[in-house]
Amino acid sequence: MSLQLITALLGGVTVGSALMVVLSKHPVRSVLYLVLTFFLISSNYILMNAQFIAVVNIIVYAGAIMVLFLFVLMLLNLKKENEPKTSLTIKLVSVISGGILFTVFIAALKDGAVIASSGLLENNNQGLVENLGQLLFTKYVLPFEVSSVLFIASMVGAVMLAKREKQTID
Amino acid sequence: MTLASIFQMGVSIEFYMVLSTLLFCIGAVGVMVRRNAIILLMCIELMLNSVNLLLVAFSTYFGKADGQIFVFFIMVVAAAEATVGLSILVMAYRNLRTTDVGLFNKLNG
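If you're wondering where the values come from, they're calculated on a predicted model, not measured in any experiment.

Reading the values: the criteria
Residues numbered from 1 in each chain as written. Chains lettered and ligands numbered in written order. Predicted model: local features only at pLDDT ≥ 70, side-chain atom pairs only at ≥ 80, totals over all residues. Helix = DSSP H or I, 4+ residues; strand = E, 2+ residues; numbered from the N terminus. Buried ≥ 20, exposed ≤ 12 C-beta atoms within 10 Å, placed from the backbone. Contact = placed C-beta atoms within 7 Å. Expected span 1.5 Å × (residues − 1). pLDDT = per-residue confidence, 0-100. Axes fitted to C-alpha atoms, helices over the stretch in contact; angles between N-to-C directions. Parallel < 35°, antiparallel > 145°, perpendicular 65-115°, else oblique. Nonpolar A, V, L, I, M, F, W, Y, C, P; charged D, E, K, R; others polar. Core = buried A, V, L, I, M, F, W, Y, C linked by C-beta atoms within 7 Å.

## Quick notes on the overall build of chain B
Working step 1: Looking only at helices and strands, chain B features three helices and zero strands.
Working step 2: Shown N-terminal to C-terminal, the secondary structure of chain B runs as helices and strands in the order α-α-α.
Working step 3: The principal-axis extents of the C-alpha atoms in chain B amount to approximately 55 × 25 × 20 Å.
Working step 4: Looking at chain B residue by residue over its 109 residues, the buried ones come to 50%.
Working step 5: The contacts of chain B with a sequence gap of at least 6 include a subset with a gap of at least 24, amounting to 49%.

See below:
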């Protein structure tokens with residue numbers, strides 16, 4: 001099987017499962033299709049030899065974030081019958097505007113000519129852990145440290161928000 | 001060990017451009033169509049992931065690792081955003097007993 005066929009197949013399945021995220025009525029089914037989409041995107045990363053990003057994508061997205069979504073769904077106990085309905089007009093308008101957005105993006109990308117750089121030739125190990133770690137702890141060390149501050153802030157924020165306040169609950 | 005890139009083996013970069021644009025537009029349409037706030041957050045994650053896919057594709061194509069570092073930071077921000085967003089959602093659900101974004105207009109102050 002040729003490589004083009006494999007990537008085309010993977011891309012088709014990815015788009016299909018992303019569509020099912022939007023189309024499926026039950027939220028839990030949506031979450032599971034999103035996990036499938038993340039796994040398929042990770043397989044694309046492996047094909048592109050970005051092994052670190054592929055593993056982190058599975059661990060962080062499919063492992064942590066989607067489990068968080070599933071837990072919240074379980075806590076909220078949503079029923080299929082009180083799933084909010086969208087009117088047909090809004091559906092139609094959003095699909096049309098999404099199509100227009102797609103056309104605009106494709107037109108913009110088509111005009112931007114992609115020039116192959118010299119880096120295309122020999123070095124394909126840039127996605128390995130060694131190379132990425134070297135770059136992360138030298139050139140991008142300041143954003144890396146700032147992101148830890150962001151994590152602390154979001155953690156404190158999540159705890160503060162989730163704490164039940166006595167006076168607001170009757 | 002040097003592995004051959006898939007772009008040297010005949011896969012075009014335009015394929016990944018179209019694929020990630022398609023995923024982004026599916027996410028955008030999902031944000032517009034669905035009214036369940038959890039699915040809205042999931043569609044935002046889908047849009048972020050489509051951008052990640054294009055960044056990794058160009059990073060591999062040009063042989064520079066900087067794009068993959070940016071993907072790493074996007075994942076960091078997405079994780080922070082998901083935690084805060086979901087805790088706000090749980091908070092709103094406690095007060096309103098719904099996750100319908102159309103009914104969140106009653107939150108005055």
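On we go.
## What about the overall build of chain A?
Working step 1: A count of helices and strands for chain A gives six helices and zero strands.
Working step 2: Along chain A, from the amino end to the carboxyl end, the secondary structure elements read α-α-α-α-α-α.
Working step 3: Scored against the burial criterion, the 170 residues of chain A give a buried share of 22%.
Working step 4: Taking the intrachain contacts of chain A between residues at least 6 apart in sequence as the baseline, contacts between residues at least 24 apart amount to 53%.

## Regarding helix α2 (residues 27–47) of chain A
Working step 1: With 21 residues, α2 of chain A extends 30 Å between its outermost C-alpha atoms, agreeing within 8% with the 30 Å of an ideal straight helix rising 1.5 Å per residue.
Working step 2: Along α2 of chain A, the positions that sit buried rather than exposed are Pro27, Ser30, Val31, Tyr33, Leu34, Val35, Thr37, Phe38, Ile41, Ser42, Asn44 and Tyr45 of chain A.
Working step 3: Buried-residue contacts for α2 of chain A involve α1 (3–23) and α3 (51–76) of chain A together with α2 (37–62) of chain B.
Working step 4: Remark: Asn49 of chain A follows α2 of chain A within two positions and exhibits a positive phi of approximately 65°.

## As for the confidence of the model for chain B
Residues and elements named next belong to chain B.
Working step 1: Mean pLDDT over chain B works out to 86, with 93% of the residues at or above the 70 mark.
Working step 2: The weakest mean pLDDT in chain B belongs to helix α3 (residues 66–96) at 90; the strongest belongs to helix α1 (residues 13–33) at 92.
Working step 3: Taken together, the chains of this predicted complex give a pTM of 0.88 and an interface ipTM of 0.90.

## So, the environment of Gln4 of chain A
Working step 1: As for its placement among the helices and strands, Gln4 of chain A is situated in helix α1.
Working step 2: With 101 residues separating them in the primary sequence, Gln4 of chain A and Phe105 of chain A have C-alpha atoms 23 Å apart.
Working step 3: If sequence neighbours within four positions are ignored, Gln4 of chain A has contacts with Gly10 and Val11 of chain B.

## A closer look at the interface of chain A and chain B
Working step 1: Contacts between the two partners involve 72 residues from chain A, matched on the other side by 66 residues from chain B.
Working step 2: For the side of chain A that touches chain B, the secondary structure elements donating two or more residues are α1, α2, α3, α4 (88–111), α5 (129–136) and α6 (141–162) of chain A.

## A word on the packing of α6 of chain A against α3 of chain B
Working step 1: For the pair α6 of chain A and α3 of chain B, interaxial distance at closest approach is 9 Å and the crossing angle is 10°. Judged by the inter-axis angle, α6 of chain A sits roughly parallel to α3 of chain B. On the side of α6 of chain A, the interface is formed by Pro143, Ser147, Leu150, Phe151, Ser154, Gly157, Ala158, Leu161 and Ala162 of chain A, while α3 of chain B contributes Phe73, Val76, Ala80, Thr83, Val84, Ser87, Ile88, Val90 and Met91 of chain B.
Working step 2: Taken together, the residues that form the contact of α6 of chain A with α3 of chain B break down as 13 nonpolar, five polar and no charged.

## Comments concerning the nonpolar core
A general tendency of soluble globular proteins is for nonpolar side chains to be buried together.
Working step 1: The biggest cluster of nonpolar side chains holds 59 residues, and the ones touching the most others in it are Leu34 and Ile53 of chain A together with Ile38, Met42, Leu46, Leu53 and Val56 of chain B.
Working step 2: For this core, the elements supplying multiple residues, two or more each, are α1, α2 and α3 of chain A together with α1, α2 and α3 of chain B.
Working step 3: Ranked by the residues each element gives to this core, the list is headed by α2 of chain B, at 14 residues.
Working step 4: With residues near it in sequence (within four places) discarded, Val56 of chain B still touches Tyr45, Met48, Ala50 and Ile53 of chain A together with Gly67, Gln68 and Val71 of chain B.

## Quick word on the environment of Phe144 of chain A
Working step 1: Structurally, Phe144 of chain A is set in helix α6.
Working step 2: Sequence separation between Phe144 of chain A and Met48 of chain A is 96 residues; the distance between their C-alpha atoms is 24 Å.

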